[in-house]
Amino acid sequence: PNDQRNTEHIATSKYSENTTSNTMALRMVYDKAIGFAAKQYTAVLGNQLSQYGLRYEDLLIEEETPVKEALSLASPDVLTARTRRLKRAIDLSYKRKSLQDYAPDMQLDTFKTEIMSDIQKIKARDHEYAQLNAHNKM
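Right, let's walk through the structure included here. (Residues numbered from 1 in each chain as written. Predicted model: local features only at pLDDT ≥ 70, side-chain atom pairs only at ≥ 80, totals over all residues. Heavy atoms only, no water.)

Some details on the side chain of Asp58
Right, so step 1: Among the secondary structure elements, Asp58 is positioned in the loop between α1 (2-52) and α2 (65-73).
Right, so step 2: Residue classification places Asp58 among the buried positions, given a relative accessible area of 6%.
Right, so step 3: Within the structure, Asp58 has its side chain in polar contact with the backbone nitrogen of Arg55 (distance 2.9 Å).
Right, so step 4: Filtering out sequence-adjacent residues up to four positions away, Asp58 remains in contact with Arg82, Arg85 and Leu86. (Helix = DSSP H or I, 4+ residues; strand = E, 2+ residues; numbered from the N terminus. Buried < 20%, exposed > 50% of the residue type's maximum accessible area, 1.4 Å probe, protein only. Polar contact = N/O pair within 3.5 Å; in protein donor to acceptor, adjacent residues only side chain to side chain. Contact = heavy atoms within 4.5 Å.)

Spelled out as structure tokens, the structure:
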């Protein structure tokens, strides 16, 4: 009986090791595929944003609480630039033109972040607050 338990333990251990290595291999393949897809999506999105002179942050929905709070804390220059980019994009879209038609040499930084760090801090603060007050929900 003791030898049988040892054999079962070894077989279970080997199965566990094989399952773990298979899972790790699948995870690596999955991560590579997602990384490749993310790079392709970023390139396509960057091209679409640059047609209208927008930044990725300009696509954030202002009605969401963290975004609204981050925008209220942002400097007036950031808000003015964001408003101008949005108005320009609406105008270009209406005219069915591209920003490159009007300013071909303009250098755009479509993924520059100005309020994203504030949004992440606000979300972390809200999450921490919810965790600390979880006992009040009972």
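Still more to cover.
What to know about the packing of α2 against helix α5 (residues 116-132)
Right, so step 1: Their axes nearest at 9 Å, the elements α2 and α5 cross at an angle of 125°. If you check the angle between α2 and α5, you find them oblique. Considering the relative orientation of α2 and α5, their crossing is right-handed. Residues Pro66, Val67, Glu69, Ala70 and Leu73 of α2 form the contact with α5, whose own contacting residues are Asp118, Ile119, Ile122, Lys123 and Arg125. (Axes fitted to C-alpha atoms, helices over the stretch in contact; angles between N-to-C directions. Parallel < 35°, antiparallel > 145°, perpendicular 65-115°, else oblique. Left-handed = near helix turned anticlockwise from the far one by under 90°.)

Focus: unusual backbone geometry
Right, so step 1: Although it is not a glycine, Arg96 adopts a positive phi angle of roughly 55°.
Right, so step 2: Tracing the sequence through the fold places Arg96 in the loop between α3 (76-95) and α4 (99-102).
Right, so step 3: Here Arg96 falls in the exposed class, since its relative accessible area comes to 76%.

A look at the pattern of salt bridges
Right, so step 1: Overall, the coordinates contain eight salt bridges when judged by the stated rule.
Right, so step 2: With a closest N to O distance of 4.0 Å, Asp31 and Arg27 form a salt bridge. You can see Asp31 and its partner Arg27 sitting in helix α1, four residues apart, about one turn around the helix.
Right, so step 3: Residue Asp31 is classed as partly exposed on the basis of its relative accessible area of 41%.
Right, so step 4: Arg85 serves as the salt-bridge partner of Asp58, at 2.7 Å between the closest nitrogen and oxygen. Of this pair, Asp58 sits in the loop between α1 and α2 while Arg85 sits in helix α3, and the two are 27 residues apart along the sequence.
Right, so step 5: Each of the salt bridges in this network shares a partner with another, and the network as a whole consists of Arg55, Lys112 and Glu114. (Salt bridge = Lys/Arg side-chain N within 4 Å of Asp/Glu carboxyl O.)

Notes on α3
Right, so step 1: If you check α3, its first and last C-alpha atoms are 28 Å apart, about what 20 residues at 1.5 Å a residue would give, namely 28 Å.
Right, so step 2: The complete set of buried residues in α3 reads Val78, Arg82, Arg85, Ala89 and Leu92. Summarising the axial view, the buried residues of α3 lie within an arc of 100°, below the 170-degree limit, and thus occupy one face. Structural note: α3 exposes Pro76, Arg84, Lys87, Ile90 and Tyr94 on the side pointing more than 90 degrees away from its buried face.
Right, so step 3: Positive backbone phi, at 55°, marks Arg96, one or two positions downstream of α3. (Expected span 1.5 Å × (residues − 1). Arc of directions from axis to C-beta.)

A few points about the nonpolar core
Right, so step 1: Val67, Ala70, Leu71, Ala74, Val78, Ile115, Ile119 and Ile122 together form the largest nonpolar core, which totals eight residues.
Right, so step 2: Of all the secondary structure elements, the ones that give two or more residues to this core are α2 and α5.
Right, so step 3: Tallying contributions element by element places α2 first for this core, with three residues.
Right, so step 4: For Val78, the residues in contact, after removing those within four places along its chain, are Glu114 and Ile115. (Core = buried A, V, L, I, M, F, W, Y, C linked by side-chain atoms within 4.5 Å.)

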